[in-house]
Amino acid sequence: MFVSLLNFFFNFYFYLLFILAVLVLIPLFTLYVALTRTFSNHRSTMRRFRRAMVWWGKTVAFIPYPFIRFRYELNGENDTKKSYIFICNHRSAVDAFLMKVLPHEFVEIVNDWPFKIPVLGIFARFAAFLDIRSMSHEAFMAKATELLGQGVSIVFFPEGTRSVDGRMGSFHSAAFRLAVETGTPLVPLCITGNEIVMPKGSLFIKPGIIKIRQLPPLAADDFTGLTPFTLKSRVWKIMEQELSAMESTL
Amino acid sequence: MTEEEIIEKTNRVFEESFEIEPGRLKADAHIFTDLGLDSLDIVDLVVALQSSFGVKIRTDEKVREIRTLGDVYSFIARVKNGEQD
């Protein structure tokens, strides 16, 4: 009973500040990008806009601190001048916000539902987040290749849906096909603890620690000659082992 | 080409091009849910089967009807027989 009451107040506190942040910060970010747009080109504006979205993610992640904490571990390089394809496991609706740890300019590959979120959906569309289900494979590959060519990294959740039981589902191959065709390095991002903070099917958040472990990139040389299927199988195994290791040390 | 030869050669395609362990290659294995292929992987599968069997496969309705590994064996048998006719 006492724990339930604490959880209720914790959620009330979080969502109250979340709504305040939406009302105050979103217009401020918009104004900032719109004003700077007047003396910069489209590419710079997009870079600034995506950066503003990362700051939005940082703000949302900061609201429940210290009840919800983040541990980001970087293994290997993190060259912000290069574009990467990030591969993340997906257990919770908060995962999109967790990408705030990345110092890169990036877009996320999503299903259609994030575009339906009031206000934020418009921002996701403007930032050129890609709705993979509504695009043909050819259109998707063309747009994704163009973004990578501009130095924009791409974040995939290749399971396509959130895991119900914590076990990683099988991967769809679009990310790996893109990596093979463009020679872009793949970076696995393993996330644990997110399923406790906000389980699938719930809007209530709970205190906890979310661990994000970034593994070393697989360079194009590492997957020369592999089919997208073989590459996705190898990345799946690497991430599955890493997630098991992370969970055994929670 | 005998049924056994088609099965053996098809399985070799799955082992070599897709690195799927031989123990998982059963006739009733669903190629999407059990073997983990998706619709895009089917294109690679068709290319690998064409190369292995030396046949031309059109990605028509018959390919889209394939669900299990057994369906792949039957499909290849029909293509091979069709070529011989």
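Just so it is clear, the structure is predicted and the values come from calculations on it, not from any experiment. (Residues numbered from 1 in each chain as written. Chains lettered and ligands numbered in written order. Predicted model: local features only at pLDDT ≥ 70, side-chain atom pairs only at ≥ 80, totals over all residues. Heavy atoms only, no water.)

A word on the overall build of chain A
Next up, step 1: Regarding its fold elements, chain A presents eight helices and seven strands.
Next up, step 2: Computed over its C-alpha atoms, the radius of gyration of chain A comes to 18 Å, within 12% of the 18 Å expected for a compact globule of 250 residues.
Next up, step 3: Dimensions of chain A, computed from the C-alpha atoms along their principal axes, are close to 60 × 50 × 30 Å.
Next up, step 4: Burial statistics for chain A: of 250 residues in total, 48% are counted as buried.
Next up, step 5: Sequence separation of 24 or more characterises 75% of the internal contacts of chain A that already satisfy a separation of 6 or more.
Next up, step 6: For chain A, the accessible area works out to roughly 12400 Å², and carbon and sulfur atoms hold 65% of it. (Helix = DSSP H or I, 4+ residues; strand = E, 2+ residues; numbered from the N terminus. Rg over C-alpha atoms; globule rule 2.2 N^0.38 Å. Buried < 20%, exposed > 50% of the residue type's maximum accessible area, 1.4 Å probe, protein only. Contact = heavy atoms within 4.5 Å. Areas by Shrake-Rupley, 256 points an atom, 1.4 Å probe, with all protein chains shown as cover.)

Describing the sheet that holds strand β6 (residues 186–192) of chain A
Sheet strands associate in pairs through backbone hydrogen bonding, adopting either a parallel or an antiparallel arrangement.
All names here are of chain A.
Next up, step 1: If you walk across this open sheet you meet the seven strands as β1-β7-β6-β2-β5-β3-β4, and the pairing is mixed. The open sheet has two edge strands with one neighbour each: β1 (68–74) and β4 (130–131).
Next up, step 2: Looking at chain direction, strand β3 (residues 106–110) and β4 are connected through two bridges and run parallel. Residue Ile-109 lies in a different strand from β4, and its bridge partner there is Leu-130.
Next up, step 3: Running at roughly 35° to β6, helix α8 (residues 228–248) makes contact with β2 (85–88), β6 and β7 (208–214) of the sheet. (Pairing = 2+ DSSP bridges. Axes fitted to C-alpha atoms, helices over the stretch in contact; angles between N-to-C directions.)

A short note on the nonpolar core
Next up, step 1: In this structure, Ile-87, Met-99, Phe-156 and Leu-186 of chain A are the most contacted members of the largest nonpolar core, which totals 72 residues.
Next up, step 2: In terms of residue count, the dominant contributor to this core is helix α1 (residues 2–37) of chain A (seven residues).
Next up, step 3: Residues contacting Ile-87 of chain A, with those up to four places away along its chain left out, are Phe-156, Pro-158, Phe-171, Ala-175, Phe-176, Leu-186, Val-187, Pro-188, Leu-189, Val-235 and Met-239 of chain A.
Next up, step 4: Ranked by size, the runner-up nonpolar core spans 27 residues in total, among them Ile-6, Val-13, Ile-31 and Ile-57 of chain B. (Core = buried A, V, L, I, M, F, W, Y, C linked by side-chain atoms within 4.5 Å.)

Some thoughts on the packing of aromatic side chains
Next up, step 1: As enumerated under the stated definition, the model contains 14 aromatic pairs over all chains in all.
Next up, step 2: With a centroid separation of 5.9 Å and 50° between ring planes, the pair formed by Tyr-84 of chain A and Phe-86 of chain A is classed as tilted. Across the pair, exposure class does not vary: Tyr-84 of chain A and Phe-86 of chain A are buried alike.
Next up, step 3: Aromatic side chains Phe-229 of chain A and Phe-18 of chain B sit 5.1 Å apart centroid to centroid with 75° between the ring planes, which places their arrangement in the edge-to-face category. Residue Phe-229 of chain A is found in helix α8, and its partner Phe-18 of chain B is found in helix α1 (residues 3–18); the two belong to separate chains.
Next up, step 4: Taking relative accessible area as the criterion, Phe-229 of chain A reaches 3% and is therefore assigned buried.
Next up, step 5: A residue is classified by how much of its surface remains accessible, and Phe-18 of chain B, at 0% relative accessible area, is buried.
Next up, step 6: Taken together, the ring pairs in this structure connect Phe-14, Tyr-15, Phe-18 and Trp-56 of chain A into an aromatic cluster.
Next up, step 7: Positioned above the aromatic ring of Phe-70 of chain A, the side-chain terminus of Lys-100 of chain A is 4.4 Å from the ring centre. (Phe/Tyr/Trp six-rings, centres within 6.5 Å; stacked < 30°, edge-to-face > 60°. Lys NZ or Arg CZ within 6 Å of the ring centre and 35° of its normal.)

Some remarks on the interface of chain A and chain B
Accessible area lost during the coming together of the parts is what is often quoted as the interface size.
Next up, step 1: Across the contact, 14 residues belong to chain A and twelve residues belong to chain B.
Next up, step 2: Between chain A and chain B lies a buried interface of about 970 Å² when both sides are counted; carbon and sulfur atoms form 46% of it.
Next up, step 3: Of all residues in chain A, the largest losses of buried area upon contact with chain B belong to Arg-177, Phe-229 and Thr-230 of chain A, amounting jointly to 49% of the total for that side.
Next up, step 4: On the surface where chain A and chain B come into contact, there are five salt bridges.
Next up, step 5: One salt bridge connects Glu-21 of chain B with Lys-237 of chain A, and the closest N-O pair in it is separated by 3.8 Å. (Buried area = accessible area lost by both parts, 1.4 Å probe. Salt bridge = Lys/Arg side-chain N within 4 Å of Asp/Glu carboxyl O.)

A few points about α8 of chain A
Next up, step 1: With 21 residues, α8 of chain A extends 30 Å from end C-alpha to end C-alpha; this agrees with the ideal 30 Å at 1.5 Å per step.
Next up, step 2: Within the sequence span of α8 of chain A, burial applies to Pro-228, Phe-229, Thr-230, Leu-231, Lys-232, Ser-233, Val-235, Met-239, Leu-243 and Met-246 of chain A.
Next up, step 3: On its buried face, α8 of chain A sits against β2, α6 (174–182), β6 and β7 of chain A together with α1 and α2 (39–53) of chain B. (Expected span 1.5 Å × (residues − 1).)

Brief notes about the packing of helix α5 (residues 137–149) of chain A against α6 of chain A
Residue and element names in this part refer to chain A.
Next up, step 1: The geometry of α5 relative to α6 is characterised by a closest axis approach of 11 Å and an angle of 55° between their N-to-C directions. Looking at the two axes, α5 sits oblique to α6. The handedness of the crossing between α5 and α6 comes out as right-handed. Listed contacts from α6 to His-137, Phe-140, Met-141, Ala-144, Thr-145 and Leu-148 of α5 are Ala-174, Arg-177, Leu-178, Glu-181 and Thr-182.
Next up, step 2: Residues of the contact of α5 with α6, tallied by class, amount to six nonpolar, three polar and two charged. (Parallel < 35°, antiparallel > 145°, perpendicular 65-115°, else oblique. Left-handed = near helix turned anticlockwise from the far one by under 90°. Nonpolar A, V, L, I, M, F, W, Y, C, P; charged D, E, K, R; others polar.)

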